Structures are given as C-alpha cells and as structure tokens.
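# Examination of the molecular architecture
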Amino acid sequence: MNILVINPGSTTTKVAVYEDAKPRLLRHISHSAEELSQFEEVTDQYAFRKQIVIDELKRMNVPFDFSAVIGRGGLAKPISGGVYEINQKMLDDTRHAIHKHACDLGCILAYEIAKDIPGCRSFIADPGVVDELSDLARISGSPLMPRICIWHALNQRAIARRYANEIGKRYEDLNLIVCHMGGGISIAAHDHGRAVDANNALDGEGPFSPERAGSLPAADLVRLCYSGKYTESQLLKRISGQAGLIAHLGTNDMKEIERRIAAGDKHAERIVDAMIYHTAKNIVAEGAWFCGKVDAILLTGGLARSEYVVSRLRQRIAFLAPTRCYPGEDEMEALASNALAVLRGQREAKTYV
C-alpha cells in the first residue's frame, strides 16, 4: 500500500511516500520568508503548498495511486490521541481555530489531495492538541484559566512506542516521561499509554526554550501588558517566537551558541545552562504523578542532538530513572505507520465530532 505523508511546518513542507512501512521518497522543501509574506493567514497558504506537493511528486515521477494520505494534525480543538479520518467538521474547525500554525494545513492538504484519488482515504494522527490530561493536571490556581496542553504529541508517542519495542514491552505497560526539545520544549507524563500531564509548549508554559519564554512571573506579565509599551501582538511574540534563547542571545541556532560558549562567552553559557536547569526541573516534576516510579526518561527533538545540552541534562535527571536519547524527530515515519495500521485493520480510525 502506498501512503503519502504531508507535514507542513512554519517554513517547510515535508513530503514522504511510503510503500507499506518502507520510505520510497523523503523530501524537505523550504519556503523563504518572502514567499510566505504574501499570505495574511497560515491557512491562506493552502493552494501554494498544495501545488508545491503536487509539483514535487510529478517531478519525482510518483504516480497518484495512494491508498491513503495522512497529514500532520492541526490545532482545532482538544481531542484524545489516535488516528482520525478527516471529515468536513474537522476541516471547518481547523479553518476557524483560535491557535494558528502551519500544521493546520496538514489535514486540509491530505483531504483535498485524497478526494481526487479513487479509493484513497485521508487521516491525521496525534495532533498537537491531543488532550488526555488527568483532572488534577487540568486545574490551575485560577478557575478563569484551566490548564490546556499543546505539545509534540505525535513525536513523543512515536518515540515512546519505539523505546517500548526496543526493550520488548508495550508502550501501554510503561510509566514514561518524554521530553521533546525543539523550538518549544514539551514534557509529558505517559502513564500506561495515556499522557496524563503535558505543558502548553506553544504558548510558552514550562521551561524556556530556543523560541519560547516558558512560564513567567504572572504579576510582572500583567503589569507589562498594561504598561502601554507593547501591543498585544508584540507581547504574544515575546512569549512565543521572539523569546527564550532568541530574546537572550539573538539566535536559536544551538550550534552557533555552542561555538560562542567554546570561545569563552560566559553570558551564553549561563543562559543555556539556565534553560537546561529549568528543563530538568520540569522533567523531574512529572515524576510526582508516578510517585517516583518511572520506567524511563526519553529525550528527543532537535536539541537532543546537542551533547552539551544532553550531557548536562542527564546530570540533573538521572537519579529519577534511566535516560535514553533519540535525537531529532520521527514524525514522518510515525504518520506513515499510523496510516498503515488503520489500512491493515490493526487500529481503528476515530471519528472527529
């Protein structure tokens, strides 16, 4: 069975073609700021991105005979984890979602491409709004603001299943803490296959990261909002996008920052060490759900490629549980395997309502 995988990012569109579980084509298409500046909203990029996917497949002589097209899920509304068949309700909710991100295009592109192929189905799997929070985790100190989670659900769950397979166990039988370290850092407690606690990494909750401010002093943030110095849009960017390492050091490029540290930049060293400390603190905090009975801590994402970050993080968390590192992300393979499981009848596609 041939499966087309589409994963839109802020400045990239990743495309893959799988024959059953084997990748036959993997493409990473970058989009310049100039190309994207013509679109007011992310969803306005639909036709532009669709044409790029189609052109790339034609250029690589890939026939349009797919059994399924699966896209990265959007941020429409909280749902439970799993594979979902794309329907009109999902498309409508995605186009009118409060949170806007390029991943919203994933389900739209998958549906529109699949509908023109006879017998082809369209899916999403484990979008960033997967919400399986426990009742305790959902409560904050203000009834006006219950906690929500927007996190790297797809990659976290794929890495957790990968680890379980490696040790000969089922993901559903393990207590795991998974930390995805990318532009944002998401940390979740996976209790026997359910993510009972996770942070809102998109809006900056949790540790600060290359592009996120992390949890901030609440009263100071309120005062800043009423200071008259910034617009709402500017302040939102100071929380997500122009925050974290970018705000402190002017870059989110960890290789560049490590070069500065090696050259004796003590300020850069202090900022990165603080990010590592706050990440470790949030990882260890998830151990409270398990009362300390954690089978493993799994580190993944782009920052997991940094020996500087991983080695110092391990020093602070190794006492809690064994730590394994899976650098990068496994989203394309995870999407393909989810679609394949449904096509083979090993997993049932859920209905979005």
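Data block above holds the structure.
Here we summarise the structure given alongside this text. All of these numbers come straight from a predicted model, not from anything done at the bench. (Residues numbered from 1 in each chain as written. Predicted model: local features only at pLDDT ≥ 70, side-chain atom pairs only at ≥ 80, totals over all residues. Heavy atoms only, no water.)

## Brief notes about the packing of helix H6 (residues 153-166) against helix H13 (residues 331-343)
Contact geometry for H6 and H13: axes closest at 9 Å, N-to-C directions at 80°. With respect to H13, the axis of H6 lies roughly perpendicular. In this structure, H6 contributes Leu 154, Asn 155 and Ala 158 to the contact, and H13 contributes Glu 331, Ala 334, Leu 335 and Asn 338. (Axes fitted to C-alpha atoms, helices over the stretch in contact; angles between N-to-C directions. Helix = DSSP H or I, 4+ residues; strand = E, 2+ residues; numbered from the N terminus. Parallel < 35°, antiparallel > 145°, perpendicular 65-115°, else oblique. Contact = heavy atoms within 4.5 Å.)

## Re the nonpolar core
Among the nonpolar cores identified, the biggest contains 33 residues, and Met 181, Leu 245, Val 272, Ile 283, Ile 297 and Leu 299 are the most heavily contacted of them. Secondary structure elements with two or more residues in this core: strand S7 (175-181), strand S8 (185-191), helix H9 (245-249), helix H10 (254-262), helix H11 (266-286), strand S10 (296-301) and helix H12 (307-317). For this core, the element with the highest residue contribution is H11, accounting for seven residues. Residues within four places of Ile 283 in sequence aside, it is in contact with Ile 177, Cys 179, Ile 187, Ile 297, Leu 299, Leu 313, Ile 317 and Leu 320. If you look at the next biggest cluster of nonpolar residues, it comprises 31 residues, including Val 15, Ile 52, Leu 57 and Ile 108. (Core = buried A, V, L, I, M, F, W, Y, C linked by side-chain atoms within 4.5 Å. Buried < 20%, exposed > 50% of the residue type's maximum accessible area, 1.4 Å probe, protein only.)

## Some words on the sheet that holds strand S6 (residues 121-125)
Taken in spatial order, the seven strands of this open sheet run S3-S2-S1-S4-S6-S5-S12, and their pairing is mixed. Strands with a single pairing partner mark the edges of an open sheet, and in this sheet they are strand S3 (22-30) and strand S12 (350-351). As defined by bridge partners, strand S1 (residues 2-8) adjoins strand S4 (residues 68-72) across four bridges and the pair is classed as parallel. Considered in S4, the bridge of Ile 6 is made with Gly 71. Running over the sheet, helix H2 (residues 46-59) touches S1, strand S2 (12-19) and S3 and is turned about 45° from S2. The strands touched by helix H4 (residues 104-114) are S1, S4 and S6; relative to S4, the strand with the most contacts, the crossing angle is about 165°. (Pairing = 2+ DSSP bridges.)

## Some words on the pattern of salt bridges
Within the structure shown, the criterion is met by 21 salt bridges. In this structure, the salt-bridge partner of Glu 56 is Arg 27, at a minimum N-O distance of 2.6 Å. Of the two residues, Glu 56 sits in helix H2 while Arg 27 sits in strand S3, which places them 29 residues apart along the sequence. Classification of Glu 56 as buried rests on a relative accessible area of 10%. Judged by relative accessible area, Arg 27 falls into the partly exposed class, the value being 31%. Between Glu 112 and Lys 115 there is a salt bridge, with its nearest N and O atoms 2.8 Å apart. Judged by its relative accessible area of 12%, Glu 112 falls in the buried class. Several salt bridges share partner residues, and in doing so they unite Arg 27, Glu 56 and Arg 59 into one network. (Salt bridge = Lys/Arg side-chain N within 4 Å of Asp/Glu carboxyl O.)

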